[in-house]
Amino acid sequence: MKKIIAAASFTAILLVSCTPKASTSAATAGTSTSTVEQIAQGKTIFESSCGRCHKLPDPASHNPVQWVGIMNAMAPKAKLNDDQHKWVYDYIISVQK
Ligand code: HEC
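This structure is a prediction, so every number in the text was calculated from the model and none was measured.

Chemist: I'd love a proper account of the packing of aromatic side chains, names of residues and values included.
Modeler: Across all of its chains, the model carries one aromatic pair by this definition. With 5.5 Å between their ring centres and 50 degrees between their planes, phenylalanine 46 and tyrosine 91 make a pair best called tilted. Here phenylalanine 46, found in helix H3 (residues 36–49), pairs with tyrosine 91, found in helix H5 (residues 82–94); they are 45 residues apart in sequence, far enough to count as distant. The burial state of phenylalanine 46 is the same as that of tyrosine 91; both residues are buried.

Here is the structure:
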């Protein structure tokens, strides 16, 4: 339940923050939950992209709301597209306690 709320709020914030691609984001928002395959891809992207500039972060080190802000800052650094951004976020949230 907590996960669903976090994913929904992330989608809302992503929508607001990505004005230039509003139509693309709206389509993404329609499919609000990532599949198992997408979360697995998020894990792969996380492990290969997020440890390049610093130690691979611990998903448990921040709460889902903090991760929204961190991902908004880090996704461009890691050159993730909107889908990859969402999958990595959903992976991080999926492994949180
Ligand atoms: C191009 C280099 C680069 C890449 C790639 C990158 N980061 Fe970062 N990251 C930084 C820098 C620089 C900082 C510290 C300065 C800052 O906060 O902007 C940082 C800080 C962080 C922090 C600490 C933020 C805080 O408030 O404590 C987290 C967590 C983080 N990154 C996660 C990620 C994740 C997740 C990814 C993959 C999507 C990622 N980073 C990819 C450069 C990068």
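Chemist: Run through the coordination of the iron atom of the ligand, naming residues and quoting values.
Modeler: In the first shell of the iron atom of the ligand, the protein supplies His54 (NE2) and Met74 (SD), at 2.0 to 2.2 Å from the metal. Seen from the iron atom of the ligand, its six donor atoms lie at angles of 87 to 180 degrees, and the figure they make is octahedral. Here histidine 54, found in the loop between H3 and helix H4 (64–77), pairs with methionine 74, found in helix H4; they are 20 residues apart in sequence, far enough to count as distant. Its relative accessible area of 38% is what places histidine 54 among the partly exposed residues. Residue classification places methionine 74 among the partly exposed positions, given a relative accessible area of 29%.

Chemist: Which residues make up the nonpolar core, and what values do they have?
Modeler: Counting residues in each nonpolar core, the largest one holds 15 residues, and the members touching the most others are Phe46, Trp67, Met71, Leu80, Val88, Tyr89 and Ile92. Sorting the residues of this core by element identifies H3, H4 and H5 as the ones contributing at least two each. Looking at this core, the element that brings in the most residues is H5, giving six residues. Contacts of phenylalanine 46, omitting those with residues within four sequence positions, involve Gly51, Leu56, Pro57, Val88, Tyr91 and Ile92.

Chemist: Talk me through the pattern of salt bridges; I want residue IDs and the actual numbers.
Modeler: One pass over the structure, following the stated rule, counts two salt bridges. Between glutamate 47 and lysine 43 there is a salt bridge whose closest N-O contact spans 2.9 Å. One end of the pair is glutamate 47 and the other is lysine 43, both in helix H3 and four residues apart, which spans about a single turn. Accessibility expressed as a relative area gives 37% for lysine 43, which makes it partly exposed.

Chemist: Residue-level account of the site of the ligand, with values.
Modeler: As a structural note, the neighbourhood of the ligand is formed by 14 residues, with Cys50, Cys53, His54, Met74 and Lys77 the closest of them. At a separation of 2.8 Å, a nitrogen atom of the ligand approaches a polar side-chain atom of histidine 54. Contacts to the ligand include histidine 62, whose side-chain N or O atom sits 3.4 Å from an oxygen atom. Put simply, the parts of the chain that give the shell around the ligand at least two residues each are H3 and H4.

Chemist: Go over the packing of H4 against H5, please, and point to the residues and values.
Modeler: Pairs of packed helices are described in terms of their axes, by the angle between the two and the distance that separates them. Orientation of H4 relative to H5, taken along the N-to-C sense of each, is 145 degrees, at an axis distance of 10 Å. Helix-helix and strand crossings are classified by hand; for H4 and H5 the assignment is right-handed. Between H4 and H5, the residues in contact are Pro64, Trp67, Val68, Met71, Asn72 and Ala75 and His85, Val88, Tyr89, Ile92 and Ile93, respectively. Grouping the amino acids of the contact of H4 with H5 by side-chain chemistry returns nine nonpolar, two polar and no charged.

Procedures and definitions
- Residues numbered from 1 in each chain as written.
- Predicted model: local features only at pLDDT ≥ 70, side-chain atom pairs only at ≥ 80, totals over all residues.
- Heavy atoms only, no water.
- Phe/Tyr/Trp six-rings, centres within 6.5 Å; stacked < 30°, edge-to-face > 60°.
- Helix = DSSP H or I, 4+ residues; strand = E, 2+ residues; numbered from the N terminus.
- Buried < 20%, exposed > 50% of the residue type's maximum accessible area, 1.4 Å probe, protein only.
- Donors = N, O, S within 2.8 Å, 3.2 Å for Na, K, Ca; no water.
- Tetrahedral: all angles 85-135°; square planar, octahedral: opposite > 155°, others 65-115°.
- Core = buried A, V, L, I, M, F, W, Y, C linked by side-chain atoms within 4.5 Å.
- Contact = heavy atoms within 4.5 Å.
- Salt bridge = Lys/Arg side-chain N within 4 Å of Asp/Glu carboxyl O.
- Near = heavy atom within 4 Å.
- Polar contact = N/O pair within 3.5 Å; in protein donor to acceptor, adjacent residues only side chain to side chain.
- Axes fitted to C-alpha atoms, helices over the stretch in contact; angles between N-to-C directions.
- Left-handed = near helix turned anticlockwise from the far one by under 90°.
- Nonpolar A, V, L, I, M, F, W, Y, C, P; charged D, E, K, R; others polar.

Purely geometric numbers; function is a separate question.
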